[in-house]
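# Reading the structure
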Amino acid sequence: MELNAAKRISVILAERQDEIVAQWNDIVRQNLRGRLTKGELAQQITELYGALRAALDGGGLTADAPAAAELAGLLTDLSANRARQGFTVSETAISVFAVKNAVYTVGGGEDLLSKADFAEFSLFVDQLGLQTVEAYMATRDGLIAEQTQQLMELSTPVVKLWDGVVAVPLIGTLDSARSQIVMERLLEALVETGSPYAILDITGVPAVDTQVAQHILKTVVAAQLMGAQCVISGIRPQIAQTIVSLGIEFGDIVTKANLADALQYVLRAGGVEMVRRTPKSAI
Amino acid sequence: MIQAEPSGPVRRQDIVGDDDVVRVRQLVRTVAVETKLTLVDQTKLVTAASELARNTLVHGGGGYAEVQQVTNGRRLGIRIMFADTGPGIPDLDRAFTDGYSTGGGLGLGLSGARRLMDELDLSTEVGKGTVVTAVKWER
Amino acid sequence: MDRVPVLPLGDVLLVSIQVDLEDQLALRLQEDLAEKIVATGVHGVIIDITALDIVDSFVGRMLATIASVSRVLDAETVVVGMRPAVAITLVELGLPLRGIRTALNVELGLRMLREARPEAPVEELEPDDTTAAA
C-alpha cells in the first residue's frame, strides 16, 4: 500500500469531511432504522472518521499498521457493542462499509479520487470491515458461551433432602459439558453441606452416551474418594441397556429405581429410622 | 507433533533438588491462573507437572522444566516441557503402563500425566536423556 | 527445622497439612507420626488435607504408607477434607488410594473412627476439643 495514495486520500477526506460524514451518517441511519439515536450514531461516525484520517495520515493503508491502532480499537468496541445490543452482523459491518459509498456519492459527477486510489481505499475499508465482523463474532460467541453456562447452572439444582443427604435431580439431555458441571456442583455441595450421602437422580434424563456414562461413574468414584457415597436413582431401561452394552462396569455403585428408594436406602445407611404413626382419625 | 504457537514468554525452572518440584508446581500454577484455566483443569495440569518434575528428578537425575502459554489459533493452552540428560527410557510401552517404575512405588508419572493432559509427546534416547512435552488447552 | 504439627485430640492424633509437601518434610512426618502413635497409644489418626490443592502420586504414596504403618501400630487412619478438584484429578490420574479411608471433614472423620472401635470405652469429647483443632 502506497504512502502517497494514503496521503492523497487523507487530503480528500479532510477537504470534504462534513459532506462525507453527513452522507455516511445518512446511509447507516437508514440501515439501522432508528435503533440508535441520531446523536449516538453521529458521535460514533465522527470518532471513526477522525481515527480513519489519523490512520491514513500515519501513512498506513493496511488495517494492522501502527497508525491504524486507534481505528482498530474503535471498531472492535463498536462491533462488540452492536453485538451486545442485538444488531445483526450485516448491520454492524455496513456501518464500516458505508464510508466507501459516502466518498463515492459525495463526488457526484466528478471523481474525488483516481480509480487507483479509490481501489486502494476500498481494499483498506474492506479489511476494516472484516476486522469488524471478526470482533462481532468473537463477542457473540462469548455471549453465547456465557448464557449456556448460566443455563447449565440453573438447570443443575442441588437440593438438601435431609441432614447429611443432598440430591441432584437432573432433567433433560446430559451432554459431556453439562455432566462435568453436574459433577463439580455435586462434589462441591458435599463439602459445603458436609453431607456423606448424595443422590444423583436421572429419572428426567432420556439417554446417555459413553462419555456421559463415564462422567457419572467418575462422579461417584470422586465422591467416594472424598469420603461420601453417591447413589444413582431413576435409571431408565434404555439407559441401563446402553450402560451394559457399552461394557461399563457399575461395580459396587448403588443404584435404585427411584428417588424415594434411594432416600430410604441412604437414611438407613446413615442410621435413621422412619416410623409411621397410625392417624388418629381418617378424614 | 503438538501443534501450538507460543503466546507468552518461556519460563524456566531448574530441577536439581526436592524443593524444585514445589517450585515447578508454583510456576505452572501461576501461568495457569494467568491463562484462566478452570480450577479443575488447573489442578490436573499442576498435578501432571508435579509427576513429570518428579520423574525428571528421580529417574532423569535432574534437569529443567519450561512452561509457556501457547495458542492453537482458537484457544489458549499451557505447554510444559521437561528435559533431562539421564539414562533415557528403554521400554516405552512399559513406561506408559500403570505401576511401572524402576524406582519402586506406584510410578504413575507418565501414564498419569498423559491422562491428565490433552496432548503428550515424548522423545528419549537410552544413555542420552529424555524430553517430555505436554499441553493442556482451555475448555 | 520445619515439621508438620501433630496434635493429640482425645484418642486421636490430628495432622493438618498446610503446605506444599516436599520429600524431606513428608518423610519426617511419617516418622514423627509413628513415634507419637506409640508414645500416646492412640487408636486413630486424622490427616486433614483441606489445604492441599494438589495431591500427586507422591502424596498418595505417603498417605498410603502412613495408613499402613499406623494400622500395624493399631491405629486407623482417616484422610479428611479432600477438595473436589483434587478428587476429580485423582480419578483421572487413576490413583485408587486403596486402603485409605476418607471422610468429608474432621467431625465426620472422628465419628468414623469412633464407630470403628465399638469396644473402646466411650470418651465424651467436649465440644471445645473438636473446635480447637478445626
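Residues numbered from 1 in each chain as written. Chains lettered and ligands numbered in written order. Predicted model: local features only at pLDDT ≥ 70, side-chain atom pairs only at ≥ 80, totals over all residues.

## Topic: the overall build of chain B
- Assigned secondary structure in chain B consists of four helices and six strands.
- Its helices and strands taken in sequence order, chain B reads β-β-α-α-β-β-α-α-β-β from the N to the C terminus.
- Here the C-alpha radius of gyration of chain B, 14 Å, is about what a compact globule of 139 residues would show, namely 14 Å.
- The principal-axis extents of the C-alpha atoms in chain B amount to approximately 40 × 30 × 25 Å.
- Relative to its full complement of 139 residues, chain B shows a buried share of 45%.
- The contacts in chain B between residues at least 6 apart in sequence include a share of 65% that link residues at least 24 apart. (Helix = DSSP H or I, 4+ residues; strand = E, 2+ residues; numbered from the N terminus. Rg over C-alpha atoms; globule rule 2.2 N^0.38 Å. Buried ≥ 20, exposed ≤ 12 C-beta atoms within 10 Å, placed from the backbone. Contact = placed C-beta atoms within 7 Å.)

## Some words on the confidence of the model for chain B
Residue and element names in this part refer to chain B.
- In the predicted model, chain B carries a mean pLDDT of 88, and the fraction of residues at 70 or more is 92%.
- A low-confidence stretch, residues 100-106 (pLDDT under 50), is modelled with eleven contacts involving residues beyond four sequence positions or located in other chains.
- Our summary of model confidence lists the complex with pTM equal to 0.73 and ipTM equal to 0.87. (pLDDT = per-residue confidence, 0-100.)

## Regarding helix H8 (residues 210-226) of chain A
- For H8 of chain A, with 17 residues, the first-to-last C-alpha span of 24 Å sits near the 24 Å given by 1.5 Å per residue.
- Among all positions in H8 of chain A, only Val-212, His-215, Ile-216, Thr-219, Val-220, Ala-222, Ala-223, Leu-225 and Met-226 of chain A are buried.
- The secondary structure elements touched by the buried residues of H8 of chain A are helix H7 (176-193), strand S3 (197-204) and strand S4 (229-233) of chain A together with helix H3 (84-93) and strand S5 (101-103) of chain C.
- With its phi angle positive at about 105°, Gly-227 of chain A sits one or two positions after the end of H8 of chain A. (Expected span 1.5 Å × (residues − 1).)

## Considering the interface of chain B and chain C
- Across the contact, 21 residues belong to chain B and 18 residues belong to chain C.
- Going through the elements one at a time, helix H1 (18-34), helix H2 (39-58) and helix H4 (109-116) of chain B are the ones with two or more residues in the side of chain B that touches chain C.
- Per-class residue counts for the side of chain B that touches chain C are eight nonpolar, five polar and eight charged. (Nonpolar A, V, L, I, M, F, W, Y, C, P; charged D, E, K, R; others polar.)

## Overview of the sheet that holds strand S2 (residues 165-171) of chain A
Residues and elements named next belong to chain A.
- Across the sheet, which stays open at both edges, the five strands sit in the order S1-S2-S3-S4-S5 with mixed pairing between neighbours. At either margin of the open sheet sits one strand with a lone partner, and together these are strand S1 (159-162) and strand S5 (255-256).
- Two strands pair when backbone bridges link them, and S2 and S3 are joined in this way by six bridges, in the parallel orientation. Among the inter-strand pairings, Val-168 is bridged to a residue of S3, identified as Leu-200. (Pairing = 2+ DSSP bridges.)

## Some remarks on the environment of Val-212 of chain A
- Residue placement: Val-212 of chain A occurs in helix H8.
- Sequence separation between Val-212 of chain A and Tyr-197 of chain A is 15 residues, and the spatial gap between their C-alpha atoms is 21 Å.

## With respect to the sheet that holds strand S3 (residues 44-48) of chain C
Residues and elements named next belong to chain C.
- Ordered by their spatial adjacency, five strands build an open sheet running S1-S2-S3-S4-S5, and the pairing between neighbours is mixed. Only two strands of the sheet have a single neighbouring strand rather than two, namely strand S1 (6-9) and S5. Here the strands of the sheet are splayed against their neighbours by 30° on average, with no regard to which way each runs.
- With five bridges joining them, S3 and strand S4 (residues 76-80) adopt parallel strand pairing. By the bridge assignment, Asp-48 is partnered in S4 with Val-80.
- The strands that helix H2 (residues 57-72) touches are S3 and S4; relative to S4, the one it contacts most, it runs at about 150°. (Axes fitted to C-alpha atoms, helices over the stretch in contact; angles between N-to-C directions.)

## Looking at helix H5 (residues 89-107) of chain A
Residue and element names in this part refer to chain A.
- When the terminal C-alpha atoms of H5 are compared, their 28 Å separation across 19 residues agrees well with the 27 Å that a helix rising 1.5 Å per residue should span.
- Ser-95 marks where H5 bends most, by close to 40°.
- If you check which residues of H5 are buried, you get Thr-92, Ser-95, Val-96, Ala-98, Val-99, Ala-102 and Val-103.
- Residues of H5 that are buried sit in contact with helix H2 (17-32), helix H4 (69-85) and helix H6 (115-154). (Bend = angle between axes of the 7 residues up to and from the residue.)

## Quick notes on the packing of H8 of chain A against H3 of chain C
- Close contact between H8 of chain A and H3 of chain C brings their axes to 9 Å; oriented N to C, the two are set at 120°. The way H8 of chain A lies across H3 of chain C gives a crossing that is right-handed. Facing H8 of chain A, whose interface residues are Lys-218, Val-221, Ala-222, Leu-225 and Met-226 of chain A, H3 of chain C presents Ala-87, Ile-88, Leu-90 and Val-91 of chain C.
- A breakdown of the residues in the contact of H8 of chain A with H3 of chain C according to their chemical character gives eight nonpolar, no polar and one charged. (Left-handed = near helix turned anticlockwise from the far one by under 90°.)

## Some thoughts on the nonpolar core
- Ranked by size, the top nonpolar core spans 111 residues in total, and within it Leu-190, Ala-198 and Met-226 of chain A, Val-28 of chain B together with Ile-46 and Ala-87 of chain C carry the most contacts.
- Ranked by residue count, the leading element in this core is H2 of chain B, at nine residues.
- Here Ile-46 of chain C is in contact with Val-12, Leu-14, Val-15, Val-78, Val-80, Val-106, Gly-109 and Leu-110 of chain C, once residues within four sequence places are set aside.
- Within the second largest apolar cluster, 31 residues are counted, among which are Leu-13, Leu-52, Ala-83 and Val-99 of chain A. (Core = buried A, V, L, I, M, F, W, Y, C linked by C-beta atoms within 7 Å.)

## Some thoughts on the pairing of S1 of chain C
Residues and elements named next belong to chain C.
- Here S1 runs beside strand S2 (residues 12-16); their pairing, made up of four bridges, is antiparallel. Paired with Pro-8 across the strands is Leu-13, a residue of S2.
- Connecting S1 to the antiparallel partner S2 that follows it, the hairpin turn spans two residues, and Gly-10 within it adopts a positive phi of roughly 65°.

## Remarks on unusual backbone geometry
- For Lys-36 of chain B, which is not glycine, the phi torsion reads 60° and is therefore positive.
- Assignment of secondary structure puts Lys-36 of chain B in the loop between H1 and H2.
- Here the phi dihedral of Asp-74 of chain C falls at roughly 65°; this positive angle occurs in a residue that is not glycine.
- Its location among the elements puts Asp-74 of chain C in the loop between H2 and S4.
- Judged by the 12 C-beta atoms lying within 10 Å of it, Asp-74 of chain C falls in the exposed class.

## Here's the deal with the interface of chain A and chain C
- With 15 residues of chain A at the contact, the number on the chain C side is 13 residues.
- Mapped by element, the contributors of at least two residues to the side of chain A that touches chain C are H7 and H8 of chain A.
- A total of six residues in the side of chain A that touches chain C trace back to one element, the largest contributor, which is H7 of chain A.
- Split into classes, the residues belonging to the side of chain A that touches chain C amount to ten nonpolar, two polar and three charged.

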